[in-house]
Amino acid sequence: MGTVISVVNQKGGVGKTTTAVNLAAYLGKRSQKTLLIDADPQGNATSGLGFAKKDQEKTTYDVMINELPLMEAVQSTEYRNLSLCPANIELTGAEIELISVPEREKVLAKAVSPIRNQFDYILIDCPPSLGLMTINALTASDSILIPIQAEYYALEGLEQLIGTYSLVKNSSNPELEVLGIVITMFDTRTQLAHQVEAEVREHFPEQVFKTVIPRNVRLSEAPSYGKPILAYDKWSRGARAYDSLAKEIIRQK
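It should be emphasised that the depicted structure is a prediction, and the values quoted were computed from it without experimental measurement. (Residues numbered from 1 in each chain as written. Predicted model: local features only at pLDDT ≥ 70, side-chain atom pairs only at ≥ 80, totals over all residues. Heavy atoms only, no water.)

1. So, the overall build of the protein
What the protein contains, in helices and strands, is 12 helices and 8 strands. A globule of 253 residues ought to have a C-alpha radius of gyration of about 18 Å, and the protein, at 17 Å, matches this closely. Looking at the protein residue by residue over its 253 residues, the buried ones come to 57%. By sequence separation, contacts in the protein at least 24 residues apart represent 77% of the contacts at least 6 residues apart. Of the roughly 11,500 Å² of accessible surface on the protein, 49% is carried by carbon and sulfur atoms. One way to put it: in the protein the 26 positive side-chain charges average out to a point 8 Å from where the 30 negative ones average out. (Helix = DSSP H or I, 4+ residues; strand = E, 2+ residues; numbered from the N terminus. Rg over C-alpha atoms; globule rule 2.2 N^0.38 Å. Buried < 20%, exposed > 50% of the residue type's maximum accessible area, 1.4 Å probe, protein only. Contact = heavy atoms within 4.5 Å. Areas by Shrake-Rupley, 256 points an atom, 1.4 Å probe, with all protein chains shown as cover. Lys, Arg positive; Asp, Glu negative; His and termini not counted. Charge placed at Lys NZ, Arg CZ, Asp CG, Glu CD.)

Following this line, the structure appears as structure tokens:
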């Protein structure tokens, strides 16, 4: 049965979508059949894989609101073993429309359940909030992966995220675990980055991945070309880091 992982942090600009897209691509490269579900109305994971958001006719919105079977929204990508369920701005209205739905926090879990056996990994790129879409993603998942930027306010908001995680674990998904925390945008030249890394590892000694994602120009450029880093510059430091993270996660399975 496939492993479902939510990539989640309500703080924007921490490399959440970058992590979701590139981790998914490298899991696929390493012979893991992978589905990336874009659950963020910004649709950046969708465009990051080269899909035009406005042209998508079947999306995560249709799965959540119109009861479209998930596999009917899934599209193959040009990358090995990687499929995508796209999203666009339509998804913005989903949280309001879900309010009147019975067991509204379980809609995505019910959609994912029938297809779990078709993939080794299902990654969900969550929106930068702790609203109903994120709660749906956590309820559908086996674990959460938390990207944290190596900056002064790295731990700010993490307590709130862990609180939401605990709420979902205690109410709708008792099997939910923390897969790990990955430090992103790490600038080796600054003392601050090293201090932040030390602090995060001290607070969460068993949950921080060994792999650290560097601040890397090529990694920042890749989304504007609609490519994961393995297609844009597979020899860059960012590419090597996400390949390493994929290997760490596969070893944990």
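2. Concerning the sheet that holds strand β4 (residues 82–85)
Ordered in space as β3-β4-β2-β5-β1-β6-β7-β8, the 8 strands form an open sheet in which the pairing is mixed. Strands with a single pairing partner mark the edges of an open sheet, and in this sheet they are β3 (75–76) and β8 (208–214). Here β3 pairs with β4 via 2 bridges, running antiparallel. Looking at β4, one finds that Q75 is bridged to L84. (Pairing = 2+ DSSP bridges.)

3. Re the layout of surface pockets
Computed from the structure, the largest pocket encloses a volume of approximately 470 Å³. Of all the secondary-structure elements, those providing two or more residues to the lining of the largest pocket are α1 (16–29), α2 (44–48), β7 (177–186), β8 and α10 (217–221). In terms of residue count, α1 provides more of the lining of the largest pocket than any other element does, 5 residues in total. Counted by class, the lining of the largest pocket contains 12 nonpolar, 13 polar and 5 charged residues. (1 Å grid on protein atoms, 1.4 Å probe; cavity = no way out; pocket = protein on both sides within 12 Å on 5 of 7 lines; lining within 4 Å. Points joined across faces, edges and corners; volume = space filled by probe spheres on them. Nonpolar A, V, L, I, M, F, W, Y, C, P; charged D, E, K, R; others polar.)

4. Considering empty space enclosed by the protein
A full pass over the atoms with the stated rule returns 1 cavity of 30 Å³ or more. Taken as a whole, the largest cavity encloses approximately 50 Å³ of empty space. Broken down by class, the residue content of the lining of the largest cavity amounts to 5 nonpolar, 2 polar and 3 charged.

5. Quick notes on the packing of α1 against helix α12 (residues 237–252)
Relative to each other, α1 and α12 sit at 70°, their axes nearing to 9 Å. Our classification of the angle between α1 and α12 gives roughly perpendicular. The handedness of the crossing between α1 and α12 comes out as right-handed. Residue-level contacts link T18, T19, N22, L23, Y26 and L27 of α1 to A239, Y242, D243, L245, A246, I249 and I250 of α12. Partitioned by chemical class, the residues of the contact of α1 with α12 number 9 nonpolar, 3 polar and 1 charged. (Axes fitted to C-alpha atoms, helices over the stretch in contact; angles between N-to-C directions. Parallel < 35°, antiparallel > 145°, perpendicular 65-115°, else oblique. Left-handed = near helix turned anticlockwise from the far one by under 90°.)

Don't take any of this as a statement about function, it's just geometry.
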